[in-house]
Amino acid sequence: MRILLTNDDGIHAPGLVALGQALAPLGDVVTLAPERPRSAMGHAVTLHKPLRIWPVKLPHGGRAFATNGTPADCVALGTSEYVGQRPSLVVSGINLGPNLGVDMFYSGTVAAAMEAAISGLPAFAISIASYESADFEPAAQFARYLAEVVEARSLPKGTFLNVNVPPLSAAEMAGVAVTRQGRITYSNRIERRTDPRGMAYYWLTGDRVDEDDGADSDAAAVREGKISVTPVRIDLTDEDLLRTLATWSLRWPV
Ligand code: MN
């Protein structure tokens, strides 16, 4: 197996190293990750400045590189001949913090897996559903298992898996659930503050809100102590609304 490993927490993140160590026995692991934390930048790509790549040494060995690029850049660069052979699997993580519900639109971790799916490569993103410094080992071991399953079963083109692991020991976990993207969202997003000179500034923040959530959602699984595995596709078309729009008789000019 040729695995490209990346993340959005940066090349020095402990979650990346734990994942690299777990995946190394599966074959040739090439690591290419941002030089510094780049969380919550979504699918940003770098089009207007030079991208640099330089070799680094990581505990899990294999060829490893840092870059000034974004997580999505890492996948574009990492699937090029400059870094190595085209990988057979792209793995992004282990992110420190959940990527549930709408988090997927902001997450650099998820964007890297999505970029792989756009490039026609099987991929999964994996996150620990906690912001506390965590034991990455249970998630890393699950990632190794999942990499083997994905290799054996193969994913459809244009899809990837988004995995969230509860912050529990392997013994405390309640198994794996195949889930849909739930409706975790945010309220009270903008906080107005005052700087020492009396000028207003704003901080994007927000309280997580779990709207709806049937028992089959990503967040519900994590709440029950299960590893959540959500299949995601890059085609965002709303099929129901597509059919409804067809009945609107949209026309132009009117
Ligand atoms: Mn992150």
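For the structure itself, look to the data block above.
This report concerns the structure included in the present document. (Residues numbered from 1 in each chain as written. Predicted model: local features only at pLDDT ≥ 70, side-chain atom pairs only at ≥ 80, totals over all residues. Heavy atoms only, no water.)

Regarding the sheet that holds strand β2 (residues 28-34)
Defined as follows: Strand pairing is assigned whenever DSSP identifies at least 2 bridges connecting the two strands. By the criteria applied, helices consist of DSSP H or I runs no shorter than four residues and strands consist of E runs no shorter than two, each listed in order from the N terminus. Each axis is a line fitted through C-alpha atoms, taken for helices only over the stretch in contact, and angles between the N-to-C directions span 0 to 180 degrees. Contacts are residue-level and defined by heavy atoms, with any inter-residue pair within 4.5 Å sufficient.
Within the open sheet, the 9 strands sit side by side as β3-β4-β2-β1-β5-β6-β7-β13-β8. Their pairing is mixed. At either end of the open sheet lies a strand with only one pairing partner, and these are β3 (53-55) and β8 (176-178). Mean inter-strand twist for the sheet, computed between neighbouring axes without regard to direction, equals 20°. Looking at chain direction, strand β1 (residues 2-6) and β2 are connected through 4 bridges and run parallel. Bridging from a neighbouring strand, L4 pairs with V30 of β2. Packing against the sheet, helix α5 (residues 137-153) makes contact with β5 (89-96), β6 (123-128), β7 (159-165), β8 and β13 (227-233), and its axis sits at approximately 165° to β6.

Quick look at the side chain of N68
Counted only if it meets this: Nitrogen and oxygen atoms within 3.5 Å of one another constitute a polar contact, given that in protein one can donate a hydrogen and the other can accept it, and given that sequence-neighbouring residues count only through two side-chain atoms.
Mapped onto the fold, N68 is located in the loop between β4 (64-67) and α2 (71-78). At 2.7 Å, the side chain of N68 forms a polar contact with the backbone nitrogen of R52. In this view, N68 contacts E35, R38, K49, P50, L51, R52 and W54; residues no more than four positions away in its chain are not counted.

Digging into the coordination of the manganese ion
Octahedral metals with six donors have ideal donor angles of 90 or 180 degrees. Tetrahedral metals with four donors have an ideal donor angle of 109.5 degrees. Worth spelling out the cut-off: Note: metal donors comprise N, O and S atoms at 2.8 Å or less from the metal (3.2 Å for Na, K and Ca); water molecules are not included, so apparent gaps in a site are possible. Under the scheme applied here, a residue whose accessible area is under 20% of the maximum for its type counts as buried, over 50% as exposed, and between as partly exposed, the area being computed with a 1.4 Å probe on protein chains only.
Those donors, D8 (OD), D9 (OD), S39 (OG) and N95 (OD1), are the protein atoms that reach the manganese ion, and they lie 2.1 to 2.2 Å from it. Linear spacing of the donor residues for the manganese ion on their chain is D-D-x29-S-x55-N. In this pair, S39 sits in the loop between β2 and β3 while N95 sits in strand β5, placing the two residues 56 residues apart along the sequence. Exposure remark for N95: the relative accessible area of 6% places this residue in the buried category.

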